[in-house]
Amino acid sequence: MATTKPRLSSFSRNLSAVSSSQTPGVKCGPNGTMFVSSGIADLDKILGGGFPLGSLVMVMEDAEAPHHMLLLRNFMSQGLVHGQPLLYASPSKDPRGFLGTLPSPASLKHDKSRDRESEQEKGLRIAWQYKKYMGENQPNFDSHRDNKQDYCNEFDLRKPLERHYFTRQRVNCVGIQDSKNLAALQEHCASFLAQHQRNDGSCALAGRIAIQSLCAPQCEHSNMDWEMLSFIKSLKGMVRSSNAVVVITFPPSLLSLSSTKRWQHMADTLLSVAAIPDEDKELAKLLSGYQDMVGLLNVHKVARLNTQVPFILEATTFSIKLQKRRFLVLECLNQAPVDGSSGSSYGTSGSCSGSSKAGTLDF
């Protein structure tokens, strides 16, 4: 009797993707895409998992407020906490001094207390008769919380990052203020990305490149529009075949309109930050929680690698808030109540139709 061969399925498990999920700070996504965290949990959720490896992220700065530094600091701190190599380029004379301003991850005890407070603030108000029964069957998410922290940490903006994170040999700081052109920076990026080439689809260690204010006026190459565009195009081609992410911030007000459009087109993920006036009474009437906002974040483009399906965002503009003046959070913009109270924005009558006149269907 002939032995029957086992039936083989046409679908096979991608072992390289499974093994790559064990890499610190790297998460597997759909279509073989691997993500690294932006350092902000809310931004990771908005972008569908974080920044994809091999992508170019560009952040448009605001001339009135340095909110782009908040995003850049969290991005760099998250990589250093995970032990990922970092290349930082800055137009300042002492770029390594910027490492002293990076935030430190909050303690786990503080995170749990912060979660309980946020649940009390955002949770639904339940009658005490039902709350006492639901409290007995609440699951324990501490283990899931610990796993989440392995990918994205909460950073305390008031607490500087400990020195042992950035005194390693994996941190390289480059100053671009005195450079006549971008050739030296391109060589640094090329040598850095050559160490993180994607060979067999697996990821042993992810790298991060952070370039601050590429077209800063103190740099000699700030008026070389075509050279800067050529540098971005070359950098995007190099990072596409590597296990790294590049984040570039630039002030669009210093570029021409045509150059700004070209830079935006080159980005895989395009973000912009905007300042909020201190005393804008009209805006305060329209938005709830206006007094807690420090700025706005706009998502113009989301990276979609290995797929042609677009990523649909529920919202494109988010408020930047500092919770307890320490933690950076992003929230959707909510319209303030019409009458300025804390009740429903559709009126205070409590009727089904929302009309202020009492009717037979009011209850």
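What counts and what doesn't
Residue positions are given per chain, counted from 1 along the sequence in the order it is written. It should be noted that, the model being predicted, local features are given only for residues of pLDDT at least 70 and side-chain atom pairs only at 80 or more, the latter also being counted only at that level, while totals for whole chains, interfaces and linings use all residues. The basis for the side-chain values is all heavy atoms of the structure; hydrogens and waters are excluded. For the purposes of this entry, the term helix denotes a DSSP run of H or I that reaches at least four residues, the term strand denotes a run of E that reaches at least two, and both are numbered from the N terminus. Relative accessible area decides the class of each residue, using a 1.4 Å probe on protein chains only: under 20% of the type maximum gives buried, over 50% gives exposed, and in between gives partly exposed. Residue contacts are defined here by distance: any two heavy atoms, one from each residue, within 4.5 Å place the two residues in contact. Following DSSP output, two strands are said to pair if at least two bridges run between them. Here, axes are lines fitted to C-alpha atoms. For helices the fit covers the stretch in contact, and angles between N-to-C directions go from 0 to 180 degrees. Here the angle decides the label: under 35 degrees means roughly parallel, over 145 means roughly antiparallel, 65 to 115 means roughly perpendicular, and every other value means oblique. Only Asp, Glu, Lys and Arg are considered charged in this grouping, and only Ala, Val, Leu, Ile, Met, Phe, Trp, Tyr, Cys and Pro are considered nonpolar; every other residue, Gly among them, is considered polar. Counted as a polar contact is a pair of N or O atoms within 3.5 Å, where, for protein atoms, one must be capable of donating a hydrogen and the other of accepting one, and residues adjacent in sequence contribute only when both atoms are in side chains. The nonpolar core is taken to be a set of buried Ala, Val, Leu, Ile, Met, Phe, Trp, Tyr and Cys residues, with the residues joined through side-chain atoms within 4.5 Å. To be clear, the arc concerns the directions from the helix axis to the C-beta atoms. For this analysis, a salt bridge means a side-chain nitrogen from Lys or Arg found within 4 Å of a carboxyl oxygen belonging to Asp or Glu.

Per an unreviewed UniProt entry, the protein carries the name Elongator complex protein 4 and comes from Citrus sinensis.

1. Some remarks on unusual backbone geometry
Despite not being glycine, N31 shows a phi value in the positive range, around 60°. Within the element layout of this structure, N31 appears in the loop between strand 1 (26-28) and strand 2 (34-36). For N31, a relative accessible area of 47% puts it in the partly exposed group. Even without glycine at this site, K324 takes up a positive phi of about 60°. Its location among the elements puts K324 in the loop between strand 13 (317-323) and strand 14 (327-332).

2. Brief notes about the environment of Q186
Within the fold, Q186 resides in helix 8 (residues 183-194). Considered as a pair, Q186 and F231 are 45 residues apart in the sequence and their alpha carbons are 7.0 Å apart. Once you skip the residues sitting within four places of it in the chain, Q186 turns out to touch F231 and S234.

3. As for the pairing of strand 12 (residues 293-301)
With six bridges connecting them, strand 11 (residues 269-275) and strand 12 associate as antiparallel partners. Among the inter-strand pairings, A275 is bridged to a residue of strand 12, identified as G295. In this structure, strand 12 lies alongside strand 13, joined through five bridges in antiparallel fashion. Its bridge partner being in strand 13, M293 is matched across the sheet by K321.

4. Focus: the packing of helix 8 against helix 9 (residues 225-240)
At a minimum axis separation of 10 Å, helix 8 and helix 9 run at an interaxial angle of 5°. Classified by the angle their axes make, helix 8 and helix 9 are roughly parallel. Residue-level contacts link L185, Q186, C189, A190 and L193 of helix 8 to F231, S234, L235, M238 and V239 of helix 9. Within the contact of helix 8 with helix 9, the residues separate by chemical class into eight nonpolar, two polar and no charged.

5. Side note on the side chain of R208
With respect to the secondary-structure elements, R208 resides in strand 9 (residues 207-211). Of the polar contacts made by the side chain of R208, one reaches the backbone oxygen of F75; its length is 2.8 Å. For R208, the residues in contact, after removing those within four places along its chain, are V36, S37, F75, Q78, G79, H82, Q84, P85, L86, L87, F192 and V245.

6. Considerations on the nonpolar core
Counting residues in each nonpolar core, the largest one holds 41 residues, and the members touching the most others are F51 and M76. With seven residues, helix 3 (residues 68-81) is the largest single contributor of residues to this core. Every residue in contact with F51, bar those within four places of it in the chain, is listed here: M34, F35, V36, S38, L43, V57, F75, V245 and V247. Formed by 33 residues, the second largest nonpolar core is a distinct cluster that contains C189, I209, A244 and L255.

7. Focus: the sheet that holds strand 13
Strand order in the open sheet formed by nine strands is 8-5-9-10-4-11-12-13-14, with mixed pairing between adjacent strands. The outermost strands of the open sheet, each flanked by one partner alone, are strand 8 (171-175) and strand 14. Across this sheet, the average inter-strand angle for adjacent strands is 20°, counted without regard to direction. Across the sheet, helix 3 lies against strand 4 (56-60), strand 5 (86-90), strand 8, strand 9, strand 10 (244-250), strand 11, strand 12 and strand 14, angled at about 155° from strand 9, the strand it touches most. Lying over the sheet, helix 8 contacts strand 5, strand 8, strand 9 and strand 10, oriented at roughly 165° with respect to strand 9.

8. Details of helix 10 (residues 257-266)
For helix 10, the full list of buried residues reads S259, T260, W263, Q264 and M266. Viewed end-on, helix 10 has its buried residues packed into an arc of 160°, placing them on one side of the element. Of the exposed residues in helix 10, those oriented more than 90 degrees away from the buried face are L257, K261 and H265. Here the buried face of helix 10 lies against strand 4, helix 9, strand 10, strand 11 and strand 12.

9. Focus on the side chain of H67
Within the fold, H67 resides in the loop between strand 4 and helix 3. Classification of H67 as buried rests on a relative accessible area of 12%. A polar atom in the side chain of H67 sits 2.6 Å from the backbone oxygen of V294. Sequence-distant contacts of H67, defined by excluding residues within four places in its chain, comprise V273, A274, A275, V294 and G295.

10. A closer look at the pattern of salt bridges
Across all of its chains, the model carries four salt bridges by this definition. K236 is paired through a salt bridge with D268; the nearest N and O atoms lie 3.6 Å apart. Of this pair, K236 sits in helix 9 while D268 sits in the loop between helix 10 and strand 11, placing them 32 residues apart in sequence. Residue K236 is classed as buried on the basis of its relative accessible area, which comes to 17%. Judged by relative accessible area, D268 falls into the buried class, the value being 9%. A salt bridge links R240 to D268, with the nearest nitrogen and oxygen atoms 3.0 Å apart. Taken together, the residues R240 in helix 9 and D268 in the loop between helix 10 and strand 11 connect sequence positions 28 residues apart. Through salt bridges with shared partners, one network takes in K236, R240 and D268.

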